[in-house]
Amino acid sequence: MKIKAIALGATCLLTLAACGDGSHAHWGYSGSTGPDKWGKIAPSYKICGTGRNQSPIDITTGIRAALEPITFNYEAGTTAILNNGHTIQVNYEAGNSIVLNGHEYELKQFHFHAPSENHIDGKSYPLEAHFVHADKDGHLAVVGVMLAESGSNAVIGKLWEHMPANAGDKNELPWKIDGELLLPNDRSYYRFNGSLTTPPCSEGVTWLVMKTPVAISSAQLEAFTTVMGEDNNRPLQAINARPILM
Ligand SMILES: [Zn+2]
């Protein structure tokens, strides 16, 4: 039970959600605490079941909108890698940010889901990285990057050397990695509104999903899925009336 308590504490960091709301209800990816039950686990998770702007989605027909490029002010700033029982997360020190239409969001952490949560044109990818950013008022912007089995990934290789095998464990990183090295060279992206993909599933999240995947090897993918022990992707949610800009 001790490990579970630590894992839930880390979930608060993962989602950047308010953790003092009295709800620390355990959730998971299968069985009685699986995604189809999240909305009923705790009052603060209700929107997981009732929201109309939930993530992830299948990114299909987009509206051509001449999106402004995202400015990535990333530099080497990783501090630690942790296993919170739901994902493997890499934390960042202050000083990394993106600028989207003149608005700055600071990078807090990135983490992974296998298989991917968002789909692109009906296609699922073996892994998806989420770079979680928050502006000064707490509004979130998540950059999603798909990883496909097309070769070894040097950054992933370096990170996985320190990947904690057990939920609740955290390893300090002996070096700092530039998150930009995990981004595709082509930074064209899809933009849409969505939510956290984990409880409490809060909406109002700006999603920015890169169109181009980056490489990961089969062995690197297997190292991740072995540590997680189960798929850690929320199923696709209804798009409803949301436009997808591209
Ligand atoms: Zn995520």
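Residues numbered from 1 in each chain as written. Predicted model: local features only at pLDDT ≥ 70, side-chain atom pairs only at ≥ 80, totals over all residues. Heavy atoms only, no water.

Caption draft 1: Layout of the coordination of the zinc ion. H111 (NE2), H113 (NE2) and H130 (ND1) make up the full set of protein donors to the zinc ion, lying at 2.0 to 2.1 Å. Sequence spacing of the donors to the zinc ion: H-x1-H-x16-H. Here H111, found in strand β6 (residues 103–113), pairs with H130, found in strand β8 (residues 127–134); they are 19 residues apart in sequence, far enough to count as distant. The exposure classification of H111 matches that of H130, with both residues buried. (Donors = N, O, S within 2.8 Å, 3.2 Å for Na, K, Ca; no water. Helix = DSSP H or I, 4+ residues; strand = E, 2+ residues; numbered from the N terminus. Buried < 20%, exposed > 50% of the residue type's maximum accessible area, 1.4 Å probe, protein only.)

Caption draft 2: Geometry of the packing of aromatic side chains. Counted according to the given criterion, the structure contains twelve aromatic pairs. On the basis of an interplanar angle of 25° and a centroid distance of 6.0 Å, the ring pair of Y74 and F131 is categorised as stacked. Placement of the pair is Y74 in the loop between β2 (71–73) and β3 (78–83) and F131 in strand β8, with a sequence separation of 57 residues. Overall, Y74 belongs to the buried group, its relative accessible area being 7%. Each ring, one from F112 and one from W160, has its centre 5.2 Å from the other, and the planes form 80°; the classification is edge-to-face. (Phe/Tyr/Trp six-rings, centres within 6.5 Å; stacked < 30°, edge-to-face > 60°.)

Caption draft 3: Molecular detail of unusual backbone geometry. That bond from A114 to P115 is cis: its omega, -5°, falls within 30 degrees of zero. Secondary-structure assignment places P115 in the loop between β6 and β7 (119–120). Of note, the bond from P199 into P200 is cis; its omega dihedral lies within 30 degrees of zero at 10°. Topologically, P200 is positioned in the loop between β11 (189–195) and β12 (203–210). One non-glycine residue, D121, adopts positive backbone phi at about 50°. Relative to the assigned elements, D121 resides in the loop between β7 and β8. If you check the backbone angles, C201 has positive phi at about 60° while not being a glycine.

Caption draft 4: How the structure looks around the side chain of S55. Secondary-structure assignment places S55 in the loop between α3 (47–50) and β1 (58–59). The residues touching S55, leaving out its near neighbours within four places in the chain, are G194, S195, L196, T197, W207, R234 and Q237. (Contact = heavy atoms within 4.5 Å.)

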